[in-house]
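# Structural characterization, general
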Amino acid sequence: MVQEGLRSSPPAASASPPPSTVSQNLKDVVVTTSITTKSKKRPSTKNVPAKKKGIAKPQKKKRKVDVEEDDLESEIPVRPAASSRKKKGLASNPSHAQVNGQRPASIPPRRETESPPPTKSLPPLPLSPLPKYNAEGMELYCVCRKPDSGKWMIGCDGCEDWFHGECINVAEKDGDLIDKYFCPRCEVSGHGITTWKRKCRLPVCRRPAQVDKRPKPSKYCCDEHGVQFFKLQTAAQSSRPAISSSELAVVANGVSSAAEFRRIGYRMPTPPLSDENFRDYPEEIERLVAIAKERESLKNQRHLVEDRRRYLEWTHQRAKRIHEELKADPEARNVGKEICGYDERFALGEVEWAAWRNSDEGKEVFKEERIPGREGVCLKKKCEKHGLWRPLFMEEAQLHERLHQERLVQLRQEEKKIKERQKRRSVRDNREGTVEKLK
Amino acid sequence: MNLSLLDPFTLAQDYPESLSSELRSGHSTCLDGTVVLFDVETNGLARYLRGHVRQIQSLSWSQDGRYLASASQDFKVIVWDLSKNGEASARTVRFNAPVYCAELHPLNPNLFVCALFEDTPYLVDITDPIPKKYPFSSAPKRPTIPGAEEGEIDEKRAAADAKHLTTVAVFTVSGEHIITGTNKGWANIVSTRTRETIHSTRITSGCITYIRLTTSGRNMVVNSNDRVLRSIHIPDTLREGVNGNEIKLEVEHKFQDVVNRLLWNHCTFSGNGDYLTASTFKNHDIYIWERSMGSLVKILEGPKEELGTVEWHPTRPLVAAAGLESGKIFIWATSNPQRWSALAPDFRELEENIEYQEREDEFDIHPKEDVTKRRLHLENEDVDVRTIEPVRGELEDSWTMPVVLDLEDTESEEEVTVAGRRKSPAVEKEKRGGRARKRKVDG
């Protein structure tokens, strides 16, 4: 009896639908993967537990090239995209001597050439049962229907049968990586599909990652592999490494979360506030206080300037209104096209204006947004004295606005310079040390 | 060069001779209202004062040079405090009309007098945050008619007097009186304290356009649009509380251009009051007269353009004038040619080559010790390199303006042509006091 290890193609990568075909034999079987956390079922009543999966047997035959390509970079559990499954093996080993002369499951091979439907909607096919015992009464296992020969086997979670690693193309060392194994028959009949656990991120390691670890699941099988992985990363920088590993250690230890780690590069770091060498000179503190005060008063002034500008607009309306009134007035002399409209309130200085603005009359005017009455208004037709006063005050307001902006910028720059100087001084003191003056 | 090495005759020259340099600020004579301060020592930009939006009509320094009052057509007078930078450096006083001129009180920088366009003149006190404006009348005080009582005046005269408008107002040197000129040609003397007109004289029939006093306060020049400059002597009796009727303003000399009958643009005195300078209308010259004799001393020529305001330096023989078309400021000074004979005692400047006849013992060989002893003896004296001798006329301990290091650049330097003609921008040098740093101002 020729034992033919079933050569089957390595299962394709789970994320990409087209299966990779390395089959030397006829059919290819694609074993799809998904990340689940169910543990494998163990057969409960087996009298030869030593021969089962999990016990390392030295019979390591030549193993087939193995499982799917690593796609553990993606954190999302990948749904099996496609599974074109063939009924494997049973029809391809006609040479297996079968017990009772019964051909194992003369199931017509289903060749699926078109793109496979999703796994969930496979209709269960009628499968004839496999023989369990041979002529001598020994239990038969695996697709090859041989009694237990001591080779490493894995148990199917669907049918309780056991399968040699060689026959189903699962390497013994990858046994830990299998999450739940369903034999080909169970897959076909729809009991389930084989799922794999996520592999440790270190490329050479084939142990499963500790996704159960609390509080956070880990991508590594052990902490040492995590460290080793990052050592490889930092060593693998092709250009000159921007940061040495000790510096990286300092940076990484200084942050409290991964998100914060990613945010590090956005801004220049500031020296810690509780720096014992951080001395500020008293004149710097005075200057900073003075700058803050000036900024406040500039803000107030801007409000006043803004108020004046609005008042200016309302005088325009008022001039028109008075003009209308005068025209309607029978006693008035000939009224020209417009009146001068200059308001004597424009001659008020800053303090007086602020006082008027806060008075009841001022508040009233600003609430109503119009100015009643005509006191203090120049009513001349062609006024030489107040010629072109309107564009004059508009320009004045604009100039003040501009000067305020510039002054604010100047103050901000000065403040920044003082702070910069303080920081640099503290850094220098930290590095070089300070000299204390003895009194 | 060292003062002692200069030719004493050139040193004694009081008035400048030739054009020496030019100053430019990007916007000079562009009528936008910026005040630019130049430093006289370096001819460099010292300060840039922004606050006005229309052209500046007049500038006035305080006694120590710390405050500067600028009056502009945008209805405002701003008193700048040059020791501060930023918000607190400017005090603004607003009026109801464009301001013709403003002058700071000689002793109190918080007080100034200003004349408005078609409005009453004011005496303003800015000691408090709210400025106090005191108007005073432009009407001249008529001498009492014999037979009538003090205060009674003719009806018609009163109506005519009401039409007077003050065009210029200056303080006397003590600050106790204000001298104003009206548009009808009258000069009024007003008491500062009471703001009453105590004396009036009719000086001219035209409109008085400018009045300027000497540093000593004894003379003043009046410019009017009848093309005559009058220098007037102010009596020493003009003090506080004097009776107005006893004052008499006498015209000493009249200066006019008899050839072309030109109008005078601007006039000023020299620092010590000996010379009177004036610039002409539509002409390129500056005239310098000697005031006491009334004789023409020099005509300064230089740029081929009309000059507006002209100013004389308070202590040095420098004259600055603003060109109306190009916007540059021209400076005339005395030139000190290098005298090579001053560098070594036995240098002599020659007109032509002469054959040298050596002395009898010229090339004798003297013993070495004598020569070295003589040389060492000469080297023993200490050379004093530290003391700075004050230039005559300057005060020892006056205020100097702090240097602002991060001055922004003035805007583009392309040529700007001046639009208007009548109101030319003001160019002034510091009039009183001030130590090594003198400044020129241009608006």
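- An unreviewed UniProt entry annotates chain B as WD40 repeat-like protein originating from Morchella conica CCBAS932.

- Where an unreviewed UniProt entry is consulted, chain A appears under the name PHD-domain-containing protein, with the organism given as Morchella conica CCBAS932.

## Some thoughts on the overall build of chain B
- Along its length, chain B carries three helices and 28 strands.
- Classification of the 443 residues of chain B by burial places 48% in the buried group.
- At a minimum sequence separation of 6, the contacts of chain B that also span at least 24 residues come to 50%.
- Accessible surface, chain B: about 22,800 Å² in total, of which carbon and sulfur atoms supply 49%.

## Observations regarding the overall build of chain A
- Scanning chain A from terminus to terminus reveals nine helices and four strands.
- Ordered by position from the N terminus, the helices and strands of chain A form the series β-β-α-β-α-β-α-α-α-α-α-α-α.
- Burial statistics for chain A: of 439 residues in total, 38% are counted as buried.
- Taking the contacts inside chain A whose residues are at least 6 apart along the sequence as the reference set, 65% of them involve residues at least 24 apart.
- As displayed, chain A has an accessible area near 27,400 Å², and 53% of this comes from carbon and sulfur atoms.

## Remarks on the packing of helix α6 (residues 282-328) of chain A against helix α9 (residues 389-432) of chain A
Residues and elements named next belong to chain A.
- Running from amino to carboxyl end, α6 crosses α9 at an angle of 165 degrees, the nearest separation of the two axes being 10 Å. Judged on the interaxial angle alone, α9 and α6 are roughly antiparallel. In this structure, the crossing between α6 and α9 has a hand that is left-handed.
- Grouping the constituent residues of the contact of α6 with α9 by class yields 13 nonpolar, seven polar and 14 charged.

## Quick notes on the nonpolar core
- Within the largest apolar cluster, 20 residues are counted, with the highest numbers of intra-cluster contacts made by C142, I154, F163 and Y181 of chain A.
- Contact partners of Y181 of chain A, with chain neighbours within four places excluded, come to I154, G155, C156, D157, G158, F163, I168 and T194 of chain A.

## What about the environment of F269 of chain B?
Residues and elements named next belong to chain B.
- Positionally, F269 belongs in strand β20 (residues 264-269).
- Given the relative accessible area of 4%, F269 is considered buried.
- C-alpha of F269 to C-alpha of L213: the two residues are 56 residues apart in sequence and 7.5 Å apart in space.
- Those residues in contact with F269, other than ones at most four positions away along the chain, are R212, L213, T214, N219, M220, V221, Y275, L276, R291 and W312.

## A short note on the environment of Y356 of chain B
- Within the secondary structure layout, Y356 of chain B lies in the loop between β26 (329-333) and α3 (368-379).
- At 3.2 Å, the side chain of Y356 of chain B forms a polar contact with the side chain of E362 of chain B.

## A short note on the packing of aromatic side chains
- Tallying each qualifying case throughout the model produces 20 aromatic pairs over all chains.
- Measuring from ring centre to ring centre gives 5.6 Å for F95 of chain B and Y122 of chain B, while their planes differ by 35 degrees; the resulting arrangement is tilted. On the criterion of sequence distance, the pair formed by F95 of chain B in the loop between β7 (90-94) and β8 (99-104) and Y122 of chain B in strand β10 (residues 122-125) is long-range, its members being 27 residues apart.
- Assessed through its relative accessible area of 2%, F95 of chain B is described here as buried.
- Residue Y122 of chain B is classed as buried on the basis of its relative accessible area, which comes to 17%.
- Centroid distance Y287 of chain B to W289 of chain B: 5.7 Å. Interplanar angle 25 degrees. Geometry classified as stacked.
- Judged by relative accessible area, which is 5%, W289 of chain B ranks as buried.
- An aromatic cluster of at least three residues, connected via ring pairs, comprises Y311, F346, W353, W356, W389 and F393 of chain A together with F75 of chain B.
- Across the ring face of W353 of chain A, the terminal group of R308 of chain A is positioned such that the distance to the ring centre comes to 4.9 Å.

## So, the interface of chain A and chain B
- Contacts between chain A and chain B engage 26 residues on the former and 24 residues on the latter.
- Inspection of the chain A/chain B interface yields four salt bridges.
- For R94 of chain B, the salt bridge is made with E396 of chain A, and the minimal N-O distance between the two is 2.6 Å.
- Counting the contacts that link chain A with chain B gives four residue pairs in polar contact (both at pLDDT 80 or more).

## Structural notes on the sheet that holds strand β9 (residues 111-116) of chain B
Residues and elements named next belong to chain B.
- In spatial order, the strands read β8-β9-β10-β11; together these four strands make up an open sheet with antiparallel pairing. Both edges of this open sheet fall to β8 and β11 (132-135), since each of them pairs with a single strand only. Strand after strand, the sheet turns through a mean of 25 degrees between neighbouring axes, direction not considered.
- Pairing between β9 and β10: four bridges, direction antiparallel. The residue of β10 that forms the bridge with L111 is D125.

## Some words on the side chain of T194 of chain A
- Mapping T194 of chain A onto the fold places it in the loop between α2 (184-189) and β4 (195-196).
- At a separation of 2.9 Å, a polar atom in the side chain of T194 of chain A contacts the side chain of E187 of chain A.

## Here's the deal with the packing of helix α7 (residues 350-358) of chain A against helix α8 (residues 360-368) of chain A
Residue and element names in this part refer to chain A.
- Here α7 crosses α8 at 70 degrees, and the two axes come no closer than 4 Å. Classified by the angle between their axes, α7 and α8 sit roughly perpendicular to one another. Contacts between α7 and α8 involve W353, W356, R357 and N358 from the former and D360, E361, G362, K363, V365 and F366 from the latter.
- Within the contact of α7 with α8, the residues separate by chemical class into four nonpolar, two polar and four charged.

## Re the sheet that holds strand β17 (residues 219-224) of chain B
All names here are of chain B.
- Pairing in this open sheet of four strands is antiparallel, and the strands run β16-β17-β18-β19 from one edge to the other. Edge strands, defined here as strands with exactly one partner in the open sheet, are β16 (208-213) and β19 (250-255). Adjacent strand axes in the sheet meet at a mean angle of 25 degrees, parallel and antiparallel pairs treated alike.

## Concerning the pairing of strand β6 (residues 76-81) of chain B
Residue and element names in this part refer to chain B.
- Within β6, six of the six residues are buried, which leaves the element mostly enclosed by the surrounding structure.
- Covered by surrounding structure in β6 are K76, I78 and W80 together with V77, V79 and D81, the residues of both alternating faces.
- Of the pairings in the sheet, the one linking strand β5 (residues 67-72) to β6 comprises five bridges and is antiparallel in character. Directly across from Y67, in β6, lies its bridge partner D81.
- Here β5 folds back onto β6 in antiparallel fashion, the turn holding three residues, of which F75 has a positive phi close to 70 degrees.
- Across five bridges, the pairing between β6 and β7 is antiparallel. Along β7, the bridge assignment pairs K76 with R94.

Reading the values: rules and limits
Residues numbered from 1 in each chain as written. Chains lettered and ligands numbered in written order. Predicted model: local features only at pLDDT ≥ 70, side-chain atom pairs only at ≥ 80, totals over all residues. Heavy atoms only, no water. Helix = DSSP H or I, 4+ residues; strand = E, 2+ residues; numbered from the N terminus. Buried < 20%, exposed > 50% of the residue type's maximum accessible area, 1.4 Å probe, protein only. Contact = heavy atoms within 4.5 Å. Areas by Shrake-Rupley, 256 points an atom, 1.4 Å probe, with all protein chains shown as cover. Axes fitted to C-alpha atoms, helices over the stretch in contact; angles between N-to-C directions. Parallel < 35°, antiparallel > 145°, perpendicular 65-115°, else oblique. Left-handed = near helix turned anticlockwise from the far one by under 90°. Nonpolar A, V, L, I, M, F, W, Y, C, P; charged D, E, K, R; others polar. Core = buried A, V, L, I, M, F, W, Y, C linked by side-chain atoms within 4.5 Å. Polar contact = N/O pair within 3.5 Å; in protein donor to acceptor, adjacent residues only side chain to side chain. Phe/Tyr/Trp six-rings, centres within 6.5 Å; stacked < 30°, edge-to-face > 60°. Lys NZ or Arg CZ within 6 Å of the ring centre and 35° of its normal. Salt bridge = Lys/Arg side-chain N within 4 Å of Asp/Glu carboxyl O. Pairing = 2+ DSSP bridges.

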